[in-house]
Amino acid sequence: MAEKSVRQEEHARSPQWLLIEAFGELDGNYTIVDWGGHPKEFLSLDKAIKGAAPKIRQAVTMVARSREPLVARGGGRHVEVYPHFASGRLHAVQVWSGTEDETPPPRPQAGSWDINLSTLTALASPEWAEMADIPEEERGQERSLANMFAQVQTDEKELIAMKRIIAAVPGTTHQGVWAVNRRDGKRFRSHFSCRIYEQISDGVQQRIARGVSQEIGTGEAKDPQPLVLLEHRLLEADTPAGEYRALINLRNLRLIRWVHGSPIPEEVAWRGVLEEPAPEVHPADRPTMIEMARGLAKASTAGRLRLRGVDGSWIPIEASASLVAIDQETTAALLKFRIDR
């Protein structure tokens, strides 16, 4: 009864913009993830707006084919539909529907994106790149997931997000509210929704999180849960001067993000953009890195490695690794290192 009352109240208000995800392409199983600036948990079209659901599905099909916004007036109705694409696929639409003489409220800013969970890289749509103030030279290309994390403040569900990233189970969904820091000093809160798919990219089977984000009203951010080492010590304690801390995915030995509070080594290539060499451990040191990762099943490990520098050189580091508990089933590696100058 409570859910029905909420829906009736929403229908009684002036028409609001809906953000509808279409991650599964044109399969018709679309859900509402934001209603008038209020995040929704994958709310079924048929349950929320049963009478209008067929027309919305038709509108989704139309804008997916035309790849252009749709504005239609007639028969006493006024409808506007704005599509959001990423990597050539339709990810979501913003829909407003009112009477012919009504004017829609300002359309909330939204943008779509993909995260390749196999390579830990992210690709933003032009709309999201503009919202997030991504540097011009990095737009339209993949960049490391760590580059994205360096720009946001996560919420209290960060550990769940880490599990989704590491496990990468197709069909899994996730939502959250993260604060995005722009280069111009401005900041906004963004509600995002995503679903993981398995697809062929460049001839290789990969796990992709297809997502969409929308700016929402201001509010107090909730701090993320702290990461904990398997020795039950907090990972995100004070970082000693000269030490860098990174969270590594043990499935592919790639950087997920820099640990909260850790400095970022600007001389090391890690952003995964065309202007820098690809993030890499020296080929001769990969056996050491693999041995360090395997040894974590028994204890913390240590070794000397060389990382690719932004100038193309190899930067020697003294590194140690420990296991991090994401949950009872999922672990990652904490890599602590100092540059051996």
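First, a word on scope: everything that follows refers to the structure included in this document. Keep in mind the model is a prediction, meaning the values are calculated, not measured.

### Notes on the sheet that holds strand 7 (residues 110-116)
Part 1 of the reasoning: What the seven strands build is an open sheet, ordered 9-8-7-13-12-11-10; its pairing is antiparallel. Of all strands in the sheet, those bounded by a partner on one side alone are strand 9 (143-144) and strand 10 (152-153).
Part 2 of the reasoning: In terms of strand pairing, strand 8 (residues 121-124) meets strand 9 through two bridges, oriented antiparallel. Its bridge partner being in strand 9, Thr121 is matched across the sheet by Ser144.
Part 3 of the reasoning: Against the sheet, helix 6 (residues 158-167) makes contact with strand 11 (173-181), strand 12 (187-201) and strand 13 (204-216), and its axis sits at roughly 115° relative to strand 11, the strand it touches most.

### Comments concerning the layout of surface pockets
Part 1 of the reasoning: Taken as a whole, the largest pocket encloses approximately 840 Å³ of empty space.
Part 2 of the reasoning: Lining the largest pocket are 37 residues, with Leu253, Arg254, Leu255, Pro279 and Glu280 sitting closest to its centre.
Part 3 of the reasoning: Every element with two or more residues in the lining of the largest pocket is listed here: strand 15 (244-249), strand 16 (254-258), helix 7 (286-295), strand 17 (301-308) and strand 19 (331-339).
Part 4 of the reasoning: When residues in the lining of the largest pocket are grouped by element, the largest group, four residues, is from helix 7.

### Focus on the packing of aromatic side chains
Part 1 of the reasoning: In this structure the tally under the stated criterion is eight aromatic pairs.
Part 2 of the reasoning: Measuring from centroid to centroid gives 6.0 Å for Trp128 and Phe188, while their planes differ by 75°, and the two rings are edge-to-face. On the criterion of sequence distance, the pair formed by Trp128 in helix 4 (residues 126-132) and Phe188 in strand 12 is long-range, its members being 60 residues apart. The burial state of Trp128 is the same as that of Phe188; both residues are buried.
Part 3 of the reasoning: Judged by centre distance (4.8 Å) and plane angle (65°), the rings of Trp178 and Phe192 are edge-to-face. With Trp178 in strand 11 and Phe192 in strand 12, this pair connects stretches of sequence that are 14 residues apart. You'll find Trp178 and Phe192 in the same group, each marked buried.
Part 4 of the reasoning: By way of ring pairs, the aromatic residues Trp113, Phe149, Trp178 and Phe192 are connected into one cluster.
Part 5 of the reasoning: Positioned above the aromatic ring of Phe85, the side-chain terminus of Arg67 is 4.0 Å from the ring centre.

### Focus on the pairing of strand 3 (residues 38-44)
Part 1 of the reasoning: The pairing of strand 2 (residues 31-35) with strand 3 spans four bridges and is classified as antiparallel. Directly across from Trp35, in strand 3, lies its bridge partner His38.
Part 2 of the reasoning: Connecting strand 2 to the antiparallel partner strand 3 that follows it, the hairpin turn spans two residues, and Gly36 within it adopts a positive phi of roughly 60°.

### Points about the sheet that holds strand 1 (residues 18-21)
Part 1 of the reasoning: Here we have six strands laid out as an open sheet, ordered 3-2-1-6-5-4, and antiparallel in their pairing. Each end of this open sheet is capped by a strand with a single partner; those strands are strand 3 and strand 4 (70-74). Averaged over all adjacent pairs, the angle separating strand axes in this sheet is 20°, with direction ignored.
Part 2 of the reasoning: In the sheet, strand 1 pairs with strand 2 via four bridges, with the strands oriented antiparallel. Paired with Ile20 across the bridge in strand 2 is Ile32.
Part 3 of the reasoning: Strand contacts of helix 3 (residues 53-66): strand 1, strand 4, strand 5 (77-86) and strand 6 (89-99), with the helix running at about 50° to strand 5, the strand carrying the most contacts.

### With respect to the nonpolar core
Part 1 of the reasoning: Ile115, Trp128, Leu145, Phe149 and Ile256 are the most contacted members of the largest nonpolar core, which has 35 residues in total.
Part 2 of the reasoning: Elements with a contribution of two residues or more to this core: strand 7, helix 4, helix 5 (145-149), helix 6, strand 11, strand 12 and strand 19.
Part 3 of the reasoning: No other element matches helix 6, which puts five residues into this core.
Part 4 of the reasoning: Once you skip the residues sitting within four places of it in the chain, Phe149 turns out to touch Thr154, Met162, Ile165, Trp178, Ile256 and Arg257.
Part 5 of the reasoning: In terms of nonpolar packing, the next biggest core, distinct from the first, is built from 23 residues, Leu255, Trp270, Val281 and Ala333 among them.

Cut-offs used in this document
- Residues numbered from 1 in each chain as written.
- Predicted model: local features only at pLDDT ≥ 70, side-chain atom pairs only at ≥ 80, totals over all residues.
- Heavy atoms only, no water.
- Pairing = 2+ DSSP bridges.
- Helix = DSSP H or I, 4+ residues; strand = E, 2+ residues; numbered from the N terminus.
- Contact = heavy atoms within 4.5 Å.
- Axes fitted to C-alpha atoms, helices over the stretch in contact; angles between N-to-C directions.
- 1 Å grid on protein atoms, 1.4 Å probe; cavity = no way out; pocket = protein on both sides within 12 Å on 5 of 7 lines; lining within 4 Å.
- Points joined across faces, edges and corners; volume = space filled by probe spheres on them.
- Phe/Tyr/Trp six-rings, centres within 6.5 Å; stacked < 30°, edge-to-face > 60°.
- Buried < 20%, exposed > 50% of the residue type's maximum accessible area, 1.4 Å probe, protein only.
- Lys NZ or Arg CZ within 6 Å of the ring centre and 35° of its normal.
- Core = buried A, V, L, I, M, F, W, Y, C linked by side-chain atoms within 4.5 Å.

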